[in-house]
Amino acid sequence: MRRLVLAVVLGVAPFGPSALPAEPDYAAQRAEMVRVIKDYAGQQGSAVAGGHLAPEVLRMMAVVPRHEFVPERLKAEAYADRPLPIGFGQTISQPFIVAIMTDLLHVGKDDAVLEIGTGSGYQAAVLAQLARRVYTIEIIPGLADGAAERLRRLGYANVETRVGDGYYGWEEAGPFDGIVVTAAATSIPQPLIRQLKPGGRMVIPVGAPFALQYLTLVELDAERRATTRQLLPVAFVPLTGRR
């Protein structure tokens, strides 16, 4: 009888805790993602000054849980260095592009930053780790509502979201120290230029929809004179709106 009981106990053991699938090691995946980003930044033609991204930007990329900002079915791919679909014909940007756009803004801890194109909220979450306040606009209500709930759930209390046409910016919240646009415009929107502080920076992809686009840096000097630099070819979904 004792041998029978032992056999029964041993028979059920594989269905206990040891049989449960292991939790993904997201921290290790983020560390690998940051390693890839650093490698890309060091390559010739990466548009990263000196081949090095700011250490604080890399630290934030290693902290923000990107897997929370992609659909459930894509969580296993969250830390691959490529864009992923998030619904409504939109994508979450490649991690390297998120890192370089954040780095180009030179965000300070007392800065207010405007993002055009919230998407799932990932870029806003990265910026929120660096800035005093982040304002983000999304034209698609379904994406905007989902991002707002996600950012609240994850504790990003310094991010304010809005549904609207990002071409016109967020005038009453400005002026901004930095503006990042995560969709391609055919030209640089003048309302956004007007909402930049003197000395401010804007990073925006510029080019025709589904054609050659360039990540472009706009800088305002103390007299509000704007200079622009094309940095590297990119592919973004088009900026949409009523204009």
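Description of the structure in this document. (Residues numbered from 1 in each chain as written. Predicted model: local features only at pLDDT ≥ 70, side-chain atom pairs only at ≥ 80, totals over all residues. Heavy atoms only, no water.)

Another point: the nonpolar core. Among the nonpolar cores identified, the biggest contains 54 residues, and M61, I100 and Y122 are the most heavily contacted of them. Among the elements of the structure, α2 (26-41), α3 (55-61), β1 (84-87), α4 (95-105), α5 (122-128), α6 (141-153), β8 (213-220) and β9 (226-234) are those that each provide at least two residues to this core. By residue number, the principal contributor to this core is α4, which donates 8 residues. For Y122, the residues in contact, after removing those within four places along its chain, are M33, M61, V64, R66, F69, I92 and V98. Counting 23 residues, the second-largest nonpolar core is a separate cluster that includes A112, I116, A183 and L220. (Core = buried A, V, L, I, M, F, W, Y, C linked by side-chain atoms within 4.5 Å. Buried < 20%, exposed > 50% of the residue type's maximum accessible area, 1.4 Å probe, protein only. Helix = DSSP H or I, 4+ residues; strand = E, 2+ residues; numbered from the N terminus. Contact = heavy atoms within 4.5 Å.)

Moving on, we get to α6. Across its 13 residues, α6 extends 18 Å between first and last C-alpha, which sits within 8% of the 18 Å expected from 1.5 Å per residue. Restricting attention to buried positions, one finds in α6 the residues L143, A144, A147, A148, R150 and L151. On the buried face of α6, the contacting elements are β1, β2 (90-92), α5, β4 (133-138) and β5 (159-163). In the segment just after α6, G155 is the residue with positive phi, at about 90°. (Expected span 1.5 Å × (residues − 1).)

On to the sheet that holds β5. Here 7 strands make up an open sheet; going across it, the order is β5-β4-β3-β6-β7-β8-β9 and the pairing mixed. If you trace the sheet from one side to the other, it starts and ends with β5 and β9, each paired once. For this sheet, the mean inter-axis angle between neighbouring strands, taken without regard to orientation, is 15°. When strand β3 (residues 112-116) meets strand β6 (residues 176-181), the two strands line up parallel, connected through 4 bridges. If you follow I116 over to β6, its bridge partner there is V181. Set on the sheet, α4 makes contact with β3, β6, β7 (196-207), β8 and β9; between it and β7 the angle comes to about 155°. Relative to the sheet, α6 contacts β4 and β5, its axis offset from that of β5 by approximately 165°. (Pairing = 2+ DSSP bridges. Axes fitted to C-alpha atoms, helices over the stretch in contact; angles between N-to-C directions.)

Our next topic: the side chain of R30. Looking at the element boundaries, R30 is found in helix α2. With no salt bridge to any partner, buried R30 finds its closest opposite charge in D25, at an N-O distance of 7.1 Å. Setting aside chain neighbours within four positions, we find R30 in contact with M61, A62, V63, V64, P65, H67 and Y79. (Lys, Arg positive; Asp, Glu negative; His and termini not counted. Salt bridge = Lys/Arg side-chain N within 4 Å of Asp/Glu carboxyl O.)

In the structure shown here, the tally under the stated rule is 6 aromatic pairs. Taking 5.6 Å as the distance between ring centres and 90° as the angle between the ring planes, the aromatic pair formed by Y40 and F96 counts as edge-to-face. Taken together, the positions of Y40 in helix α2 and F96 in helix α4 put the pair 56 residues apart, joining distant regions of the chain. For Y40, a relative accessible area of 31% corresponds to the partly exposed category. Judged by relative accessible area, which is 7%, F96 ranks as buried. (Phe/Tyr/Trp six-rings, centres within 6.5 Å; stacked < 30°, edge-to-face > 60°.)

Axis separation between α2 and α4 bottoms out at 9 Å; the angle between their running directions is 65°. In this structure, α2 crosses over α4, and the sense of that crossing is right-handed. Within the contact between the two elements, α2 uses M33, I37, Y40 and A41 and α4 uses P95, F96 and A99. Among the residues making up the contact of α2 with α4, the classes are represented as 7 nonpolar, no polar and no charged. (Left-handed = near helix turned anticlockwise from the far one by under 90°. Nonpolar A, V, L, I, M, F, W, Y, C, P; charged D, E, K, R; others polar.)

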